[in-house]
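Report on the structure
The chain contents come next:
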Amino acid sequence: MTELSNVADSDLRGIRDLDIDDVLAYVHRDLKRLPDYTELYKRYLRQRWDVYELDFSQDIVDWREGMSQEERDAFVGISAGFHHGERQVEVELPVFMLGGSEESKIYMSSQIEDEARHTVFFDRFYREVVGMPGDSVQEVLDASFEHVSETFVGPFGLLAYQADELRKDPEDPAARVRYGTTYFLWIEGVLALSVMKITLTYCRERGFLPGYYTGFTATCRDEARHVQFGMRFLRDSVQEDPRLLLQIHETLRTILAINGATSRRLALESLGWTPEEVRRLMIRQLHMKLVDVGIALPPDIQDMVARIEPELAGG
Amino acid sequence: MRFFTPEWAEAARAAVNAGPSQDGKLPSYWNWIDRARTGYTATWALGVRESGTYLVLTWKDGTCADAAITSDPSLADFVLAAGEATWRDLREGGDPGRAVMYRGLRLERGDVLAFFRVIYFFVESLAALTRLPTED
Ligand SMILES: [Fe+2]
Ligand SMILES: [Fe+2]
């Protein structure tokens, strides 16, 4: 387990040498135990990193000289859903902080800061490495928008509208659980971790983009806290009121119903992945969370899970 | 044709029934929309926030059977509204999905999960009706 304590304690320099599989193992190691919100907040204070410390100079060389046009297109296409996804999860999170215990609110302040930092990470990557034009964060987002799939609005528009719903009553337990299912279980626990595995494995195997690798691996370690918070929240909510399990189910039914629409072909093969492998990766990510947290699914949702389609975005 | 008039509403009804042109996106996307639309029965009210005027589209079994302009959307299943700036952006070719993501268009009333079960059908219908040539 030395690798996992390395994951927990590395600074940015050390993160560069971590393997994404160890970081994913670190996400799941604590899911059975589920640390409390104060423990997660303390961990945040130790693990916080400075996004302006990342050095993209080798990435610029790799991007221009090492990678093929096909690889660049695939990479931009897959990362655009994350660039916009980070922004979306950042701006939709403050409303969730308005409810819950004081410990939850304190922890939430750290996740809001994480998501803002992740947005800056992608802003820097698109600006400095990909060379997207724009003076402001919004202008760079607008420049990368054409690469975002039409189906992005499914899960991320849903989150925006659920945040609006929550704003009407931030303490409504059912609305919080529905929102938490979309945000922590699906967007973070399934979509984000899958894209991290795909793009980081590519960087590591090809030896490309060390700045991106470092920042995105650090982002993945932050994701461990986010997913553990989220699963703790869902588990505690259902333990307190078992009827809330139905809210998780209803939300999953909607998410899985909209998952089947694919509007663009994803050039996964140029990053070394087949659609079938991505499907299996997503299903595994979902199962690991559900099993560890003890969320049982009725047969109709199990059928929908078995038919999950590759979907590349995250936050 | 003027925006948010009975004449425009009728053109909007025809446009959503015809659907948008299907180029540029994978067939699986349009197949999903066809399935979402099959048998769809619900009423959407799409409003301009400043004027409080709504276009009410009534879907019956996958066909838009009626379109009307009203200031009272209370009978609609889903009431959405956007500011004039968002409507202008959409009519100038702005992306309807983006209007949802950035909450330029908001769901004021109605079940969020039920609304999202047909989200791409909704987004493409919005695209079809905002592409109609109109003046203010
Ligand atoms: Fe996150
Ligand atoms: Fe994030």
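Now for a look at the structure at hand. (Residues numbered from 1 in each chain as written. Chains lettered and ligands numbered in written order. Predicted model: local features only at pLDDT ≥ 70, side-chain atom pairs only at ≥ 80, totals over all residues. Heavy atoms only, no water.)

We now examine the packing of helix H4 (residues 37–47) of chain A against helix H8 (residues 102–130) of chain A. Residue and element names in this part refer to chain A. Between H4 and H8, the shortest axis-to-axis distance is 8 Å and the interhelical angle comes to 35°. Remark: the crossing between H4 and H8 carries left-handed chirality. Two secondary-structure elements touch here, H4 through Tyr37, Thr38, Leu40, Tyr41 and Tyr44 and H8 through Glu103, Ser104, Ile106, Tyr107, Ser109, Ser110, Glu113, Asp114 and Arg117. (Axes fitted to C-alpha atoms, helices over the stretch in contact; angles between N-to-C directions. Helix = DSSP H or I, 4+ residues; strand = E, 2+ residues; numbered from the N terminus. Left-handed = near helix turned anticlockwise from the far one by under 90°. Contact = heavy atoms within 4.5 Å.)

Residue and element names in this part refer to chain A. Every protein donor of the iron ion (ligand 1) is listed here as Glu115 (OE), Glu188 (OE), Glu223 (OE) and His226 (ND1), and their distances to the metal cover 2.0 to 2.5 Å. Coordination at the iron ion (ligand 1) is irregular, judged from the four donor atoms that bind it and the angles of 76 to 168° they form at the metal. Donor residues binding the iron ion (ligand 1) come from one chain and are separated in sequence as E-x72-E-x34-E-x2-H. A gap of 3.4 Å separates the iron ion (ligand 1) and the iron ion (ligand 2), which glutamate 115 links by coordinating each metal. Of the two residues, glutamate 223 and histidine 226 are both situated in helix H12 (residues 210–240); the distance of three residues between them amounts to about one turn of the helix. The exposure class of glutamate 223 is buried, given its relative accessible area of 0%. (Donors = N, O, S within 2.8 Å, 3.2 Å for Na, K, Ca; no water. Tetrahedral: all angles 85-135°; square planar, octahedral: opposite > 155°, others 65-115°. Buried < 20%, exposed > 50% of the residue type's maximum accessible area, 1.4 Å probe, protein only.)

A separate point is the environment of A:Ser149. All names here are of chain A. Among the structural elements, serine 149 can be located in the loop between helix H9 (137–144) and helix H10 (153–168). Look at serine 149 and you get partly exposed, because its relative accessible area is 24%. For the pair serine 149 and glutamate 311, spaced 162 residues apart in sequence, the C-alpha separation works out to 9.3 Å. Among all residues touching serine 149, those that are not within four sequence positions of it are Ser263 and Arg264. There is a polar contact of 2.7 Å between the side chain of serine 149 and the side chain of threonine 151. (Polar contact = N/O pair within 3.5 Å; in protein donor to acceptor, adjacent residues only side chain to side chain.)

All names here are of chain A. At this site the iron ion (ligand 2) is bound by Glu86 (OE), Glu115 (OE) and His118 (ND1), with donor distances of 2.0 to 2.2 Å. Of note, the donors binding the iron ion (ligand 2) are all from one chain and are spaced E-x28-E-x2-H. By relative accessible area, glutamate 86 is classed as buried at 0%. Accessibility expressed as a relative area gives 0% for histidine 118, which makes it buried.

Before going further, it helps to examine the state of the cysteines. All names here are of chain A. If you walk through the whole model with that rule in mind, you get zero disulfides over all chains. Cysteine cysteine 203 remains unbridged, with the sulfur of cysteine 220 as its closest cysteine sulfur at 13 Å. Judged by relative accessible area, cysteine 203 falls into the buried class, the value being 2%. (Disulfide = S-S within 2.5 Å.)

Here we come to the sheet that holds strand E3 (residues 63–70) of chain B. Residue and element names in this part refer to chain B. Taken in spatial order, the five strands line up as E3-E2-E1-E4-E5 in an open sheet, and their pairing is mixed. Two strands bound the open sheet, and with one partner strand each, they are E3 and strand E5 (105–109). Going across the sheet, the axis of each strand differs from the next one's by a mean of 25°, ignoring polarity. Where strand E2 (residues 53–60) meets E3, seven bridges bridge the pair, whose relative direction is antiparallel. Looking at the pairing, tryptophan 59 lines up with cysteine 64 of E3. The strands touched by helix H1 (residues 6–18) within the sheet are E2 and E3, with E3 carrying the most contacts at an inclination of about 155°. (Pairing = 2+ DSSP bridges.)

Interpretation note: all reported values are geometric properties and have no functional meaning in isolation.
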